[in-house]
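Coordinate inspection notes
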Amino acid sequence: MAEKSNRIYLLEEAGVASALLKLGVPTMVGMLISALYNAIDAYFVGGLGMSQMGAVSVVFPIVQIIIGLGMMFGAGASSGVSI
C-alpha cells in the first residue's frame, strides 16, 4: 500500500524535475546499454574490414531510433492500460 501512495505522490504532488528524473532514468539506462552493445559490436567488427565497419556505423542510428520508438510506445501503452 505504501508503494502505491509513493507512486501517486510522485505523479500528483512531486515536482516535475524529480518525477522526470525518477521516471526517465530507466529509459536512459536502457538506451545506454543498447549504445554500449553497439560500441562493443563495432569494436569487434572493426577488425573485419572497412565495409563491415561502415555497415555497423550506418545501422547504429537506425537501431537507436527503433529502440527509442519502442520505449515510447511501450510507456504510452502501459500508461493507457493502467488507466
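The text that follows walks through the structure, step by step, so that each part is easy to find. Numbers given to residues run from 1 along each chain, matching the order in which its sequence is written. Local features in a predicted model are, by the rule used here, given only for residues with pLDDT of at least 70; side-chain atom pairs are given and counted only at 80 or more, and totals for whole chains, interfaces and linings are based on all residues. Side-chain calculation: all heavy atoms of the structure are included, whereas hydrogens and water are not.

Before going further, it helps to examine the overall build of the chain. Helix and strand counts for the chain stand at three helices and zero strands. Here a strand is any run of E in DSSP of at least two residues, a helix any run of H or I of at least four, and the numbering for each starts at the N terminus. Element order for the chain, N to C, with α for helix and β for strand: α-α-α. Counting every position in the chain, which comprises 83 residues, the buried fraction comes to 12%. For the chain, the accessible area works out to roughly 6,600 Å², and carbon and sulfur atoms hold 75% of it. Type-normalised accessible area, obtained with a 1.4 Å probe on protein chains alone, sets the label of each residue: buried when under 20%, exposed when over 50%, and partly exposed for intermediate values. Method for areas: the Shrake-Rupley scheme with a 1.4 Å probe, in which residue coverage is limited to the protein chains shown.

With that settled, consider helix α3 (residues 50-82). To estimate how far a helix should extend, the number of its residues minus one is multiplied by 1.5 Å. An ideal rise of 1.5 Å per residue puts 48 Å on 33 residues; α3 measures up with 48 Å between its terminal C-alpha atoms. Here the bend at each residue means the angle between axes fitted to two seven-residue stretches, the one ending at that residue and the one beginning there. V59 marks where α3 bends most, by close to 25°; the proline P61 follows one to four residues later.

Attention shifts here to the packing of aromatic side chains. Classification of ring pairs uses Phe, Tyr and Trp, with its six-membered ring standing for Trp, and accepts pairs whose centres are within 6.5 Å; under 30 degrees between planes counts as stacked, over 60 as edge-to-face, and the remaining range as tilted. Taken as a whole and assessed by the stated rule, the structure comprises one aromatic pair. Relative to F44, the ring of Y43 has its centre 5.2 Å away and its plane inclined at 80°; by these criteria the two rings are edge-to-face.

Now for the environment of M31. Relative to the helices and strands, M31 is located in helix α2 (residues 16-45). On a C-alpha basis, the gap between M31 and I67 in space is 7.5 Å, while along the polypeptide they are 36 residues apart. What M31 contacts, discounting residues up to four positions off in sequence, is Q64, I67, G68 and M71. The contact definition used throughout considers only heavy atoms, calling two residues in contact when any of these lie within 4.5 Å.

To continue, consider a nonpolar patch on the surface. Residues enter patches when they are more than 30% accessible in relative terms and free of salt bridges; like-charged ones are connected within 9 Å and nonpolar ones (Val, Leu, Ile, Met, Phe, Trp, Tyr) within 5 Å. Salt bridge criterion: a side-chain nitrogen from Lys or Arg within 4 Å of a carboxyl oxygen from Asp or Glu. Taken together, L21, V25, M28, V29 and I33 make up a surface patch of nonpolar side chains, about 460 Å² in accessible area. Tracing the backbone through its elements, the reader meets I33 in helix α2. Relative accessible area serves as the criterion here: at 54%, I33 is assigned to the exposed category.

Turning our attention to the side chain of N38. Of note, N38 is situated in helix α2. Apart from residues lying up to four places away in sequence, N38 is in contact with V56 and F60.

For Q64, the position within the fold is in helix α3. The exposure class assigned to Q64 is buried, which follows from its relative accessible area of 15%.

Any functional reading would require information that these geometric values do not contain.
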